[in-house]
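# Descriptive analysis of the structure
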Amino acid sequence: VFMKRVGITGAGGRIGSLLACSFVDTYKLRLFTYDPTTENDVERLQPIVDHPNCEIVHQLNLSDAEAVKGKFDDLDVVIHMAANASPKQTWAQARVSNFDATMHVFEECARARVKRIIFASTNHTQNAIVAKPENLSFVDPYFLSHPMKLSDDAYPDSLYAISKLFGENLGKYYAWHKGLECICMRIGSFREHDDPHNILDPSTADHFKALYLSHRDCVGMHKAAIECALHPDNGIPFAVVYACSNNSKKIWNLDETCKILGYVPQDDSEAGHNSTS
């Protein structure tokens, strides 16, 4: 039976490891981690470390172009999760982990003739119009009744967000010039414990619940991104989608996302995770 070959960078992270453990029976996986001594990374991947469908490549420095060469050979899809995700990172940090590394991943995908890259983008790309400079977790109530659309302008709130917009535009460039299919996932609020009601800081509650992404929907949306056919009106195999659950109090309009992915999110932060079956 043919199984797609899927690579995941940042495979030891919270989302990368969830996808790896969820996909290991469905796809042939090649997992890339940066620091194999990180306790959480080791623990998260432990359940699948000996699985016959799983190959783990440790200590891959994506900011080193030479180190990346050949790593994506024979892969059908690459899910690029690895990044410095801090909104407070400096330019020096962003340049190495998010600009240089992302460029090398896209270039190697094109060289290796990977069919599709799924790029982990972020809610921070549009967050500045919703939040405040002194509080990135603030939610302007206007957007609860007028959810943002993918066609709306970007409003980056940080260098991190700018690095993700760079990745989105890089994806469009490679889709146009190289035919590398690209789906960019603007990921909402994801937590390892997967409980929208377990919020340690009440001041972040509205923002978290508006953008909540359950584990089930995270897996479902990424699987859909691997499997869906892209039918762009302009002929360029590229799309940006929102990755959040079907929350009652959401600030993103999910209509276009559902159309592109062919997947309707199942969960709602108000009802609790796994709210439907």
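Let us look at the structure shown here. (Residues numbered from 1 in each chain as written. Predicted model: local features only at pLDDT ≥ 70, side-chain atom pairs only at ≥ 80, totals over all residues. Heavy atoms only, no water.)

Of regular secondary structure, the protein chain possesses 9 helices and 7 strands. Rg of the C-alpha trace for the protein chain: 18 Å, near the compact-globule value of 19 Å for 277 residues, within the 12% margin. Taken along the three principal axes of its C-alpha coordinates, the protein chain extends 50 × 40 × 40 Å. In the protein chain, which comprises 277 residues, the proportion classed as buried is 51%. The contacts of the protein chain with a sequence gap of at least 6 include a subset with a gap of at least 24, amounting to 74%. Carbon and sulfur atoms make up 50% of the accessible area of the protein chain, which amounts to about 13,000 Å² in all. (Helix = DSSP H or I, 4+ residues; strand = E, 2+ residues; numbered from the N terminus. Rg over C-alpha atoms; globule rule 2.2 N^0.38 Å. Buried < 20%, exposed > 50% of the residue type's maximum accessible area, 1.4 Å probe, protein only. Contact = heavy atoms within 4.5 Å. Areas by Shrake-Rupley, 256 points an atom, 1.4 Å probe, with all protein chains shown as cover.)

Right, let's get into the packing of aromatic side chains. Here the structure, examined in full by the defined rule, presents 10 aromatic pairs. Where Phe 23 meets Tyr 27, the ring centres are 5.4 Å apart and the plane angle is 85°; that geometry is what we call edge-to-face. By relative accessible area, Tyr 27 is classed as buried at 2%. Through a chain of ring-to-ring contacts, the aromatic side chains of Phe 106, Phe 119, Tyr 173 and Tyr 174 assemble into a single cluster. Sitting over the face of the ring of Phe 138, Lys 132 holds its NZ or CZ atom 4.3 Å from the ring centroid. (Phe/Tyr/Trp six-rings, centres within 6.5 Å; stacked < 30°, edge-to-face > 60°. Lys NZ or Arg CZ within 6 Å of the ring centre and 35° of its normal.)

Given a rise of 1.5 Å per residue, 13 residues ought to cover 18 Å, and the 18 Å separating the end C-alpha atoms of helix H8 (residues 215-227) matches this to within 8%. Burial of H8 is extensive: 10 of the 13 residues sit out of reach of the surface. (Expected span 1.5 Å × (residues − 1).)

Time to look at the environment of Arg 116. Within the element layout of this structure, Arg 116 appears in strand S5 (residues 116-122). On the basis of relative accessible area, Arg 116 is assigned to the buried category, the value being 4%. On a C-alpha basis, the gap between Arg 116 and Ile 226 in space is 7.8 Å, while along the polypeptide they are 110 residues apart. Apart from the residues within four sequence positions on either side, Arg 116 is in contact with Asp 76, Val 77, Val 78, Leu 180, Glu 181, Ile 183, Ala 225, Ile 226, Glu 227, Cys 228, Ala 229 and Leu 230. There is a polar contact of 2.8 Å between the side chain of Arg 116 and the backbone oxygen of Cys 228. (Polar contact = N/O pair within 3.5 Å; in protein donor to acceptor, adjacent residues only side chain to side chain.)

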